Amino acid sequence: MLSPHSYANISFFQPPAFLMIGIPGLEAIHGWISIPFSSMYTVALTGNWLILLAVRRTPSLHQPMYFFLSMLALTDVGLTLSTLPTTLAVLWFDHRLIGFNTCLVQMFFLHSFSVVESSVLLAMSFDRFVAISNPLRYAAVLTNNVILRIGLAIMARATLCLFPVPFLIKRLNFCPGRNLLSHSFCFHPDVMRRACDDITINIRYGLFVVLSTCGIDSLLIILSYTLILHTVMGLASPRERVRALNTCVSHILAVFVFFIPVITISMIHRFGRHLPHIVHAFVAYVYLVVPPVLNPIIYSVKSKPIREAMLRVLKGKRQG
């Protein structure tokens, strides 16, 4: 361990590891808090894997809408696995250390999956727009090849947007002793504020990523539903209007579940620094843990084909 006088001669310093708090102020009951967290992670992984298996094993679900749903489920699995190891390590075993480079890797994947989720939700809104506004050409427009290209474009977009972020962190000079993170995972706004350097570039690039991904995606989703409503209002039969809108309910709920926490956490990190640490932690957990938990529940409740396919998968497991 270096003395404080030794640090004075160090012109550039990066901590070998960060120390994760978990849930600030509630460290004494982390064992109890781990029970709901473990339950949510189990529900998220089980529910999303069931959707993936249900779509794969059910030929009638080999349609664009369900392929996009599979992308969403796979993204939720990735997002869950990004935070699960460190969160449960802190809550179960009080293992709070994470290596500097490991932290950057986790940060990259965590934010990449968030961008992918935003993009998939946008693709799903486009799917609903085509299905409702031009149902006769739906299968011709959204072919398997087009869906594959959309999936690759989504992955490329997330990778290109987030690739510079770890390097922008690595260029920063950190202060010895300022290695305490406010969460049980590496969150970019949290990590960059541990530096003693000028973080203006990090702040501006982070804002650029948020606006160019989630910001643009949310506006395009609103535009898609504006056009969908215009089309639906033009239908002569009220019954047809209700039927068309019912196909969008699950997606609308998924959009709210994802974008409300995204907007909230962006606002808090920029304008709510005076708020208690537990508020920051709570909103971050809602943002990262809740959507993967609720999305399978929403789609299994609102979509009869998905619900029946998931039940068949479960019955097949029991019989096997």
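Heads up: the structure comes first, above all this text.
Residues numbered from 1 in each chain as written. Predicted model: local features only at pLDDT ≥ 70, side-chain atom pairs only at ≥ 80, totals over all residues. Heavy atoms only, no water.

Brief notes about the overall build of the protein
Line of reasoning, step 1. For the protein, the count of helices and strands is 13 helices and 3 strands.
Line of reasoning, step 2. Computed over the C-alpha atoms, the radius of gyration of the protein is 22 Å, within 12% of the 20 Å expected from 2.2 N^0.38 for a compact globule of 320 residues.
Line of reasoning, step 3. Dimensions of the protein, computed from C-alpha atoms along their principal axes, come out at roughly 80 × 45 × 35 Å.
Line of reasoning, step 4. Scored against the burial criterion, the 320 residues of the protein give a buried share of 49%.
Line of reasoning, step 5. Nonlocal contacts in the protein, meaning residues at least 24 apart in sequence, comprise 79% of its contacts between residues at least 6 apart.
Line of reasoning, step 6. Entry remark: accessible area of the protein is about 16200 Å², with carbon and sulfur atoms responsible for 70%.
Line of reasoning, step 7. For the protein, the distance from the average site of its 25 positive side-chain charges to the average site of its 11 negative ones is 8 Å. (Helix = DSSP H or I, 4+ residues; strand = E, 2+ residues; numbered from the N terminus. Rg over C-alpha atoms; globule rule 2.2 N^0.38 Å. Buried < 20%, exposed > 50% of the residue type's maximum accessible area, 1.4 Å probe, protein only. Contact = heavy atoms within 4.5 Å. Areas by Shrake-Rupley, 256 points an atom, 1.4 Å probe, with all protein chains shown as cover. Lys, Arg positive; Asp, Glu negative; His and termini not counted. Charge placed at Lys NZ, Arg CZ, Asp CG, Glu CD.)

Overview of the state of the cysteines
Line of reasoning, step 1. Counted under the stated rule, the structure contains 2 disulfides.
Line of reasoning, step 2. Between the sulfur atoms of Cys103 and its disulfide mate Cys186 the distance is 2.0 Å. Its S-S torsion of approximately -125° makes the covalent link between Cys103 and Cys186 left-handed. One end of the pair, Cys103, is in helix α4 (residues 100-133); the other, Cys186, is in the loop between β3 (180-181) and α8 (188-192), with 83 residues separating them in the sequence.
Line of reasoning, step 3. Judged by relative accessible area, Cys103 falls into the buried class, the value being 0%.
Line of reasoning, step 4. Sulfur-sulfur distance for the disulfide between Cys175 and Cys196 comes to 1.1 Å. Placement of Cys175 in the loop between α7 (164-170) and β3 and of Cys196 in the loop between α8 and α9 (200-233) is noted, with a sequence separation of 21 residues between them. (Disulfide = S-S within 2.5 Å.)

Overview of helix α3 (residues 64-93)
Line of reasoning, step 1. Here α3 contains 30 residues, and its C-alpha end-to-end distance of 43 Å stays within 8% of the 44 Å for a straight helix at 1.5 Å per residue.
Line of reasoning, step 2. The largest bend along α3 measures about 40° and falls at Leu84, with the proline Pro85 one to four residues further on.
Line of reasoning, step 3. With 23 of 30 residues buried, α3 lies mostly within the body of the structure. (Expected span 1.5 Å × (residues − 1). Bend = angle between axes of the 7 residues up to and from the residue.)

Topic: the environment of Phe174
Line of reasoning, step 1. Inspection of the secondary structure puts Phe174 in the loop between α7 and β3.
Line of reasoning, step 2. Each C-alpha atom of the pair Phe174 and Asp197 lies 6.9 Å from the other, and the pair is 23 residues apart in sequence.
Line of reasoning, step 3. Leave out the neighbours within four places in its chain, and Phe174 touches Phe13, Gln14, Pro15, Phe18, Phe100, Ile169, Val191, Arg194, Ala195 and Cys196.

Things to note about the packing of aromatic side chains
Line of reasoning, step 1. Within this structure, the stated rule accounts for 14 aromatic pairs.
Line of reasoning, step 2. Relative to Tyr285, the ring of Phe185 has its centre 5.5 Å away and its plane inclined at 90°; by these criteria the two rings are edge-to-face. Here Phe185, found in the loop between β3 and α8, pairs with Tyr285, found in helix α12 (residues 277-302); they are 100 residues apart in sequence, far enough to count as distant. Take Phe185 and Tyr285: they sit in the same class, and that class is buried.
Line of reasoning, step 3. With a centroid separation of 5.8 Å and 40° between ring planes, the pair formed by Tyr205 and Phe208 is classed as tilted. With Tyr205 and Phe208 both in helix α9, this residue pair falls 3 residues apart, about one helical turn.
Line of reasoning, step 4. Three or more aromatic residues joined by ring pairs form one cluster here, namely Phe37, Phe185, Phe187, Phe258, Phe259, Tyr285 and Tyr287. (Phe/Tyr/Trp six-rings, centres within 6.5 Å; stacked < 30°, edge-to-face > 60°.)

Details of the pattern of salt bridges
Pairs may arise between side chains of opposite charge once their charged atoms sit close together.
Line of reasoning, step 1. Summed over all chains, the structure comprises 6 salt bridges.
Line of reasoning, step 2. The partner of Arg157 in a salt bridge is Asp217, with the nearest N and O atoms 2.9 Å apart. Within this pair, whereas Arg157 is found in helix α6 (residues 144-162), its partner Asp217 is found in helix α9, the two being separated by 60 residues in sequence.
Line of reasoning, step 3. Of the residues examined, Asp217 reaches a relative accessible area of 1% and is grouped as buried.
Line of reasoning, step 4. The shortest N-O distance in the salt bridge between Asp190 and Arg194 comes to 2.5 Å.
Line of reasoning, step 5. Overall, Asp190 belongs to the buried group, its relative accessible area being 6%.
Line of reasoning, step 6. On the accessibility criterion, Arg194 (16% relative accessible area) is buried. (Salt bridge = Lys/Arg side-chain N within 4 Å of Asp/Glu carboxyl O.)

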